[in-house]
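Examination of the molecular architecture
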Amino acid sequence: MTIRSTRPGPRRVLVPIASSVLLLVGGLVLAGPAAAAPTPTATVAAASLSGYPTLQSGSSGDAVTVLQRLLVGHGASLDVDGSFGPATAQAVSTFQGSQGLGADGIVGPATWGALVPTLRSGSTGGLVTALQHVLNLRGAGIAADGSFGPATLAAVEQAQARAGLTQDGVPGPDTWRALVTGGSGGGGNGSNPETTYPNGQLPASALCGVSYASSWRLACYTIDDYEAMNSAFRAARGKNLPITHGTLTAYRTVADQQYLWDNCPSRCARPGTSNHGFGTAIDISVTIAADRSWLEANARSYGFVQDVSGEPWHFHHVR
Ligand SMILES: [Zn+2]
């Protein structure tokens with residue numbers, strides 16, 4: 001869906017963006033590939049809850065079902081129907097109050113952080129029952145008996161494997177994220193932005209930060225596949241996927257696209273036409289041969305294709 005046009009006239013080709021790019025946007029320096037590989041440990045605590053959907057009155061779907069299971073696990077009396085109505089809003093506010101959080105009834109990172117328990121083999125109780133129901137929602141087929149035994153352990157490990165996570169059998173924030181969002185199946189997290197929103201105008205609720213750098217945003221629809229791909233890449237290459245253009249690497253607003261158009265019209269997409277404007281594309285550095293080889297061999301299995309001729313760094317999520 002990226003359309004590139006060459007524009008004649010004196011403003012043409014101000015920046016050769018195909019090379020390592022160093023752009024200055026509003027005082028923010030966007031580093032090129034050489035500086036684009038942060039360590040995975042730097043922001044683990046803060047980033048571990050990125051990628052969770054923001055839920056509020058009117059939300060519906062499997063993520064709401066998971067939320068309701070967790071609320072019940074924490075003691076709420078609530079119908080589990082996948083629909084975020086007044087009773088769910090009240091249960092959320094009550095839970096937030098009990099945790100010393102602002103009782104706004106909106107489930108964002110802080111509330112998710114308080115909701116998702118770290119459980120392990122031998123754990124018992126309502127939160128284990130919630131976990132078991134949620135595993136079943138994602139296809140496990142185990143007894144929801146509140147006892148974390150071998151069947152639950154196996155189901156957790158399977159969910160972790162599907163999401164590209166370490167199979168330690170201990171569901172923590174990453175595993176819960178996969179369970180909340182539907183793992184790596186793609187499309188489990190809201191509707192496809194390419195058919196839902198105007199280009200470059202996604203609402204904040206449809207955008208999810210990349211786990212190791214939350215300022216890089218992708219459509220929540222796309223993020224699970226990206227995180228699964230990153231986990232597999234990290235296992236193979238010992239680092240996170242390196243990106244190219246700082247905050248402009250992934251989602252681009254209309255203004256972001258205009259900036260690029262004004263500065264590299266021979267290469268950048270005409271504003272409003274880039275799939276970066278839907279949060280379904282990310283530019284990944286392919287300057288290191290082994291990184292490039294891994295991506296060429298594996299990206300497609302996570303739904304990412306290189307579909308712009310002459311831009312081997314451009315990966316578009318197409319499922
Ligand atoms: Zn791109």
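Our subject is the structure that appears above.
Residues numbered from 1 in each chain as written. Predicted model: local features only at pLDDT ≥ 70, side-chain atom pairs only at ≥ 80, totals over all residues.

Pairing of strand β3 (residues 207-210) with strand β4 (residues 213-219), which is carried by 4 bridges, proceeds in the antiparallel orientation. Residue pairing across strands places V210 opposite A213, the latter belonging to β4. Once β3 ends, the chain turns through 2 residues before running back antiparallel as β4. (Pairing = 2+ DSSP bridges. Helix = DSSP H or I, 4+ residues; strand = E, 2+ residues; numbered from the N terminus.)

Of all 9 residues in helix α7 (residues 173-181), 9 are buried; the element is thus mostly enclosed. Within the sequence span of α7, burial applies to P173, D174, T175, W176, R177, A178, L179, V180 and T181. Looking at the buried positions of α7, the neighbouring elements they touch are α2 (62-73), α5 (126-137), α6 (150-162) and α8 (220-237). G182, located one to two residues past α7, shows a positive phi value of around 100 degrees. (Buried ≥ 20, exposed ≤ 12 C-beta atoms within 10 Å, placed from the backbone. Contact = placed C-beta atoms within 7 Å.)

What follows concerns the environment of S121. Inspection of the secondary structure assignment puts S121 in the loop between α4 (109-115) and α5. For the pair S121 and A151, spaced 30 residues apart in the sequence, the C-alpha separation amounts to 10.0 Å. Leaving out residues up to four positions away in the same chain, S121 has contacts with F148, L153 and G169.

With antiparallel pairing, 3 strands are arranged side by side in an open sheet as β5-β7-β6. Across the chains shown, the open sheet's two edge strands, defined by having one partner strand only, are β5 (281-283) and β6 (304-305). As defined by bridge partners, β6 adjoins strand β7 (residues 314-317) across 2 bridges and the pair is classed as antiparallel. Across the sheet, residue F304 finds its bridge partner in β7, namely H317.

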